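Coordinate analysis (summary)
The chain contents come next:
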Amino acid sequence: MNPYPLLRRLSHEHYTPGPQLAEALGVSRASVSLALKSASELGVQVLVQKSRGYRLAQPLSWLDETRVAQALGERARYFDLHCFDEIDSTNSALLAKIADGAPSGLCYAAERQTRGRGRRGRSWQGELGDSLMFSLLWRFNLGVADLSGLSLVVGLAVARALHGLGLKDAALKWPNDIIAPSGKLGGILIELAGDALGPSAVVIGIGLNVRLSDAQRTALDQPAESLAALGYVGERNALLATILAELAELLPRFEQQGFTAFIADWQACHALQNRPARLLLPNGTSVDGLVRGVAANGALQLEGPDGMQEWHSGEVSLRACSQSFHPSAGPEKGQAQGGRRRQ
Ligand code: BTN
């Protein structure tokens, strides 16, 4: 049996007897026992005492459409939120809805994704209750060519939400990582459907580490950090509502004004602004330089040995660089000379 309805009935404060759970859900006691044993595979620890029943080892709060709508207030009308216990990927599910004519504002959030996807074909994992994972479908009267700065605007919306919640150490790393000084807090995966002239539809997928166990931290292939470590004590429904509220403000503005209107704000949130950085290229080489900002099309402006160059997100990846870089010095051996020059 599906363990989620059972888990939802458990508290971390008191034991719930097995027969009570079985009766409430119309299943046998054996099914309850079996389903709750499988909960450990979901990363949830359930304590069992023969005479008393079952209890959660840690508090677990659930995503809830009504609570998000309440927190959004008047802005709830922009969104049609559905929370799932388990789904393959909120991005994949919404992508499938685009062709059916699903409207702007359709939003899927999930407690767990079985095939969550990150950028560059990576997978994205989140533990039950500890991660915020959601996707938002949005339609634009713009062609896909005009959407190049969109992922940065979405990053800005997340950064503004986190700053508004008091998490001042949250920052952006081009193109759209959400980071803290000690590691990645979350990421954004944007997928597009449409043609060059428009209209277009996008699925905006956002994953944030609200809490991270030591086991999760070590399982990840890059330094990761959680909002809790930055001081976030709130729950995920409030966090989701705060991010959606920012998106409700910024997405229409992006449609009207393009990314140019956001450049200064984005750069103010960029952890590597005016800092030395290294750009890793798909051919294994790298370019060092000073990050000067972002262009109107969302490209990174890096002042390197060949002067100012603009780089598009595609396959390049940006790293902070400890050694300082002087634009006047020549290129180092083994570094690439590619890139697109500024016009
Ligand atoms: C990244 O690699 O940095 C982007 C991660 C994006 C993950 C989110 S979680 C919700 C949505 N559904 C997915 O399958 N991926 C995105």
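Predicted, not measured: the structure shown is a model, and the values here were computed from it.

Quick look at the site of the ligand
Lining the immediate surroundings of the ligand are 20 residues, of which Ser-89, Gln-113, Arg-117, Arg-119 and Lys-184 lie closest. Between Ser-89 and the ligand, the recorded distance is 2.7 Å, taken from a side-chain N or O atom to an oxygen atom. Here an oxygen atom of the ligand sits 2.6 Å away from a polar atom, N or O, in the side chain of Lys-184. Here the ligand, which alone exposes 420 Å², has 99% of that area covered by the protein. Counting residues per element, the ones that place at least two in the shell around the ligand are α5 (90-98), β5 (131-140), β8 (183-194) and β9 (200-209).

Notes on the nonpolar core
Ile-206, Ile-243, Leu-244 and Leu-279 are the most contacted members of the largest nonpolar core, which totals 68 residues. Residue contributions to this core peak at eleven residues, all from helix α8 (residues 236-257). Beyond its immediate sequence surroundings of up to four residues, Ile-243 is in contact with Leu-132, Phe-134, Val-158, Ala-161, Ile-206 and Leu-208. Counting 18 residues, the second-largest nonpolar core is a separate cluster that includes Leu-10, Leu-36, Val-46 and Trp-62.

Concerning the pattern of salt bridges
Under the counting rule described, the total for this entry stands at 14 salt bridges. We note a salt bridge from Glu-74 to Arg-77, for which the minimum N-O separation is 2.6 Å. The same class applies to Glu-74 as to Arg-77, namely exposed. Taking the shortest distance from any N to any O, the salt bridge between Glu-191 and Arg-117 comes out at 2.8 Å. Remark: Arg-117 occurs in the loop between β4 (106-113) and β5 and Glu-191 occurs in strand β8; sequence separation between them is 74 residues. In this structure Glu-191 comes out as buried when scored by relative accessible area, which is 17%. Each of Arg-160, Glu-246 and Glu-249 takes part in one network of salt bridges that share partners.

Cut-offs and rules
Throughout, residues of each chain are indexed from 1 in the direction in which the sequence is written. Whole-chain, interface and lining totals are the exception, using all residues; otherwise, since this is a predicted model, local features are given only for residues with pLDDT of at least 70 and side-chain atom pairs are given and counted only at 80 or more. With hydrogens and water excluded, all non-hydrogen atoms of the structure serve as input to the side-chain values. Throughout, near means a residue has at least one heavy atom within 4 Å of the molecule or strand. Throughout this description, a polar contact denotes any pair of N or O atoms lying within 3.5 Å of each other; where both atoms belong to protein, one of them has to be capable of donating a hydrogen while the other can accept it, and for residues adjacent in sequence the pair is counted only when both atoms sit in side chains. For accessible areas, the Shrake-Rupley method is used with a probe of radius 1.4 Å. Any residue's cover is judged against the shown protein chains and nothing else. Working definition: helices are DSSP H or I runs of at least four residues, strands are E runs of at least two. Numbering for both runs from the N terminus. Remark: nonpolar core denotes a set of buried residues (Ala, Val, Leu, Ile, Met, Phe, Trp, Tyr, Cys) joined through side-chain atoms within 4.5 Å. Burial here depends on accessible area, computed with a 1.4 Å probe over protein chains only, as a share of the maximum for the residue type. Under 20% is buried, over 50% is exposed, and the range in between is partly exposed. What makes two residues a contact is simply this: any of their non-hydrogen atoms within 4.5 Å. When a carboxyl oxygen of Asp or Glu is within 4 Å of a side-chain nitrogen of Lys or Arg, the pair counts as a salt bridge.

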